[in-house]
Amino acid sequence: QVQLVESGGGLVQPGGSLRLSCAASESISSLYTMGWYRQAPGKQRELVARIISGGLINYGDSVRGRFTISRDNVKNTMYLQMNSLKPEDTAVYYCNGVSRKGDYWGQGTQVTVSS
C-alpha cells in the first residue's frame, strides 16, 4: 500500500508563494493519476490539479494560471507550486494517487493565506 506524505504548507501573505510536496513510500510509476485536492472549512473537497498517465494535466478553474503541478518519478515526489496566493486558497491540501490496486490519500497539509 502506497503511503503519501504532504509537506510545505504554512502561513503566507496574499500574493505570496508556497510549494507543496507529496512524498510517496514507494515508486509512483504505478500511480497512473496523481493529484492535489483541497478542502476549506464548511466546503466540499475539490480538485486543485492532477496529472493523468500520458501527461495530461487538469487544473481547477480557480487556480489555473497560478498553480503548477509536477511529478518526479525518480524522487517519487509530486509538487504543487502555488503563486499569487489569495485568501480563498486557504484550505487543507491533500495529495492523492490512484493505481490499479487502490486510491491513496495523504494526511493533508494546512495552507493559510492571510495578512
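The rules behind the values
- Residues numbered from 1 in each chain as written.
- Predicted model: local features only at pLDDT ≥ 70, side-chain atom pairs only at ≥ 80, totals over all residues.
- Heavy atoms only, no water.
- Core = buried A, V, L, I, M, F, W, Y, C linked by side-chain atoms within 4.5 Å.
- Buried < 20%, exposed > 50% of the residue type's maximum accessible area, 1.4 Å probe, protein only.
- Helix = DSSP H or I, 4+ residues; strand = E, 2+ residues; numbered from the N terminus.
- Contact = heavy atoms within 4.5 Å.
- Polar contact = N/O pair within 3.5 Å; in protein donor to acceptor, adjacent residues only side chain to side chain.

Asker: How would you sum up the nonpolar core? Please name residues and give values.
Answerer: Residues Trp 36, Val 48, Phe 67, Ile 69, Leu 80, Met 82 and Tyr 93 are the most contacted members of the largest nonpolar core, which totals 29 residues. Broken down by secondary-structure element, the contributors of at least two residues to this core are strand E3 (18–24), strand E4 (33–39), strand E5 (46–52), strand E7 (67–72), strand E8 (77–82), strand E9 (91–99) and strand E11 (109–113). Counting residues per element, this core draws most heavily on E3, at 4 residues. Residue contacts for Ile 69: discarding those within four places in its chain leaves Met 34, Gly 35, Trp 36, Ala 49, Arg 50, Ile 51, Ile 57, Tyr 59, Met 78, Tyr 79 and Leu 80.

Asker: Please provide a residue-by-residue account of the side chain of Ser 99, values included.
Answerer: Within the element layout of this structure, Ser 99 appears in strand E9. Looking at Ser 99, the relative accessible area reads 9%, which means it is buried. From its side chain, Ser 99 meets the backbone nitrogen of Lys 101 in a polar contact 3.1 Å long. Discounting residues that sit within four places of it in the chain, Ser 99 has contacts with Ser 30, Leu 31, Tyr 32 and Tyr 104.

Everything listed is a geometric property; what it means functionally is a separate question.
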